[in-house]
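# Secondary and tertiary structure notes
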Amino acid sequence: MAARLHGRRILVTGAASGMGRAIAEMFGAEGAALALLDLNDDGVQAVASELGAVGYACDVSDRLAVNAVVAKSGAALGGIDGVVNAAGILNIKPFGELEPENWDRMLAINLTGPFNIVYAALPMLRAAEKATIVNIASTSALMPMAGTTGYSASKAGLAMFTKCLGFDLGPNIRANSICPGVIKTEMTRYLWENTEHTERAVDRVALKRLGLPQDVAKAALFFSTEDSGFTTGTELPVDGGFSWA
Ligand SMILES: NC(=O)c1ccc[n+]([C@@H]2O[C@H](COP(=O)([O-])OP(=O)(O)OC[C@H]3O[C@@H](n4cnc5c(N)ncnc54)[C@H](O)[C@@H]3O)[C@@H](O)[C@H]2O)c1
């Protein structure tokens, strides 16, 4: 079977770890030319050299840095047909203990970060014949959970940002978000390293396991190909049934 992303030039944020890394690996195997961004310089360079991609250290909340790095990515790849925004942070604290700086940082990275990336890449996405935007939101965008006021607000904002992009940027640019449940990455190490926490989390999931970064990468691949050619402005839970169970 032909590589499903042959000829596509895709920028992935958060590519040094977890889902962003799994997405970069799967997209590379499917023939995409890749530009990888992450705050973690060593990490992103290691993944980039493994995949024959270009890699840049960049804080997605820093608009000027994003503008420069997206321009460099476009120059290196000869354009950009797709972006995947996977960079994100999680800070769980009951409201009242969450500091204003925690709120600001989550909103700046999880919500304004994708805005910065899409805004900077827009001329290139518009120049592409067909372009795709995939934003990694969360089941926290769909349902309230204790201790997640800031995180959930950032992810719900991201999901609605994505829906509105679908309207504003169609018909040539499609935008969709993915809402992962608990996925085994560095972000959730505190949970899956604790047997009791893991059992409780798995018990709430219809499919009785935690998700893997590759589960999310498959959904990102779907949204980045014509397999999802009549789908835009939607959010897909990849959560084993967590958000409705
Ligand atoms: N792991 C989960 O259970 C889960 C569930 C739902 C949603 N998510 C979301 O999925 C996405 C990927 O998370 P993950 O689980 O792979 O986590 P991870 O911690 O393994 O990876 C996140 C990556 O983002 C990078 N990053 C953080 N801040 C950044 C910044 N300011 N600029 C650029 N890069 C930055 C980190 O360096 C890291 O490489 C995040 O947006 C997260 O909120 C995770």
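Refer to the structure above for everything that follows.
What comes next concerns the included structure. A quick note: this is a predicted structure, and the numbers were derived from the prediction, not measured. For every chain, the first residue of its written sequence is number 1, and the numbers climb from 1 along that sequence. Thresholds applied to this predicted model are a pLDDT of at least 70 for local features of residues and 80 or more for the giving and counting of side-chain atom pairs; totals over whole chains, interfaces and linings are not thresholded and use all residues. The side-chain values count all of the structure's non-hydrogen atoms but skip hydrogen atoms and water molecules.

## Things to note about the site of the ligand
- In this text, near means that some heavy atom of the residue lies within 4 Å of the molecule or strand in question. Within the structure, the ligand sits among 29 residues, and Ser17, Asp38, Tyr151, Ile183 and Thr185 are positioned closest to it.
- Nitrogen and oxygen atoms within 3.5 Å of one another constitute a polar contact, given that in protein one can donate a hydrogen and the other can accept it, and given that sequence-neighbouring residues count only through two side-chain atoms. Ser17 is positioned with one of its side-chain polar atoms (N or O) 2.6 Å from an oxygen atom of the ligand.
- A distance of 3.0 Å separates a nitrogen atom of the ligand from a polar backbone atom of Val60.
- Whether a set of points on the 1 Å grid over the protein atoms alone is a cavity depends on a 1.4 Å probe fitting there but being unable to get out, while an open set qualifies as a pocket with protein on both sides within 12 Å along at least five of seven lines; lining residues are those with an atom within 4 Å of a point. Occupancy of a cavity or pocket is assigned to a molecule whenever over half of its atoms lie within 2 Å of that pocket's grid points. In this structure the site holding the ligand corresponds to the largest pocket.
- Think of it this way: any DSSP run of H or I at least four residues long counts as a helix, any run of E at least two long counts as a strand, and we number them from the N terminus. The set of elements that each furnish at least two residues to the shell around the ligand consists of helix H1 (18-29), helix H4 (100-127) and helix H5 (149-169).
- Each residue gets one label: Ala, Val, Leu, Ile, Met, Phe, Trp, Tyr, Cys and Pro are nonpolar, Asp, Glu, Lys and Arg are charged, and the others, such as Gly, are polar. Its residues placed into classes, the shell around the ligand shows 16 nonpolar, eight polar and five charged.

## What to know about the packing of aromatic side chains
- Centres within 6.5 Å make a pair out of two Phe, Tyr or Trp rings, where for Trp the six-membered ring is used; the pair is then stacked when the planes are under 30 degrees apart, edge-to-face when over 60, and tilted otherwise. By the definition in use, this model includes three aromatic pairs.
- Residues Phe115 and Tyr119 carry aromatic rings whose centres are separated by 5.5 Å and whose planes lie at 25° to one another, so their mutual orientation is stacked. With a gap of four residues between them, Phe115 and Tyr119 both fall in helix H4, about one helical turn apart.
- Take Phe115: its relative accessible area is 33%, and that puts it in the partly exposed class.
- With a relative accessible area of 56%, Tyr119 lands in the exposed category.
- Their ring planes at 45° and their centres at 5.3 Å tell us that Phe222 and Phe223 sit as a pair that is tilted.
- One aromatic cluster in this structure is built from Phe115, Tyr119 and Phe161. Exposure is judged per residue with a 1.4 Å probe applied to protein chains only, and the accessible area is read against the type maximum: over 50% gives exposed, under 20% gives buried, and values in between give partly exposed.

## A few points about the layout of surface pockets
- Estimated volume of the largest pocket: approximately 1100 Å³.
- Residue lining of the largest pocket: 43 residues in total, with Leu90, Tyr151, Met187, Thr188 and Tyr190 positioned closest to the centre.
- Every element with two or more residues in the lining of the largest pocket is listed here: H1, strand E2 (33-38), H5, helix H6 (189-192) and helix H7 (195-203).
- In terms of residue class, the lining of the largest pocket is made up of 24 nonpolar, 13 polar and six charged. Grid points are joined across faces, edges and corners, and a volume is the space filled by probe spheres set on the points.

## Describing the pairing of strand E1 (residues 9-13)
- Of all five residues making up E1, four are buried, and the element is well covered by its neighbours.
- Pairing of E1 with E2 involves five bridges; the strand directions are parallel. Looking at E2, one finds that Ile10 is bridged to Leu34.
- Read as a crossover between parallel neighbours, the route from E1 over H1 to E2 is right-handed.
- In this sheet, strand E4 (residues 82-85) lies alongside E1 in parallel orientation, the contact comprising four bridges. Strands pair, by our definition, only if DSSP identifies at least two bridges between them. Whether a crossover is right-handed comes down to one check: with the strands pointing away from the viewer, does the path from the first strand over the helix to the second run clockwise; if it does, it is right-handed.

## What about helix H3 (residues 63-77)?
- Here the expected span of a helix is defined as 1.5 Å times the quantity of residues minus one. Given a rise of 1.5 Å per residue, 15 residues ought to cover 21 Å, and the 21 Å separating the end C-alpha atoms of H3 matches this to within 8%.
- Along H3, the residues classified as buried are Val66, Val69, Val70, Ser73, Gly74 and Leu77. Seen end-on, H3 carries its buried residues on one side only, within an arc spanning 140°. Away from its buried face by more than 90 degrees, H3 exposes Leu64 and Ala75.
- Two residues qualify as a contact provided that any one of their heavy atoms is within 4.5 Å of a heavy atom in the partner residue. Tucked inside the fold, the buried residues of H3 contact E1, E2, strand E3 (54-57) and H4.
- Immediately downstream of H3, the backbone of Gly78 shows phi near 80°, a positive value. Note: the arc covers the axis-to-C-beta directions of the helix.

## Quick word on the environment of Asp227
- Along the chain, Asp227 falls in the loop between helix H8 (213-223) and strand E7 (235-238).
- Since its relative accessible area comes to 54%, Asp227 is described here as exposed.
- Residues Asp227 and Glu50, 177 residues apart in the sequence, show an inter-C-alpha distance of 28 Å.
- Those residues in contact with Asp227 that lie beyond four places of it in its chain are Arg4 and Phe222.

Everything listed here is a matter of coordinates, which is why it stays silent on function.
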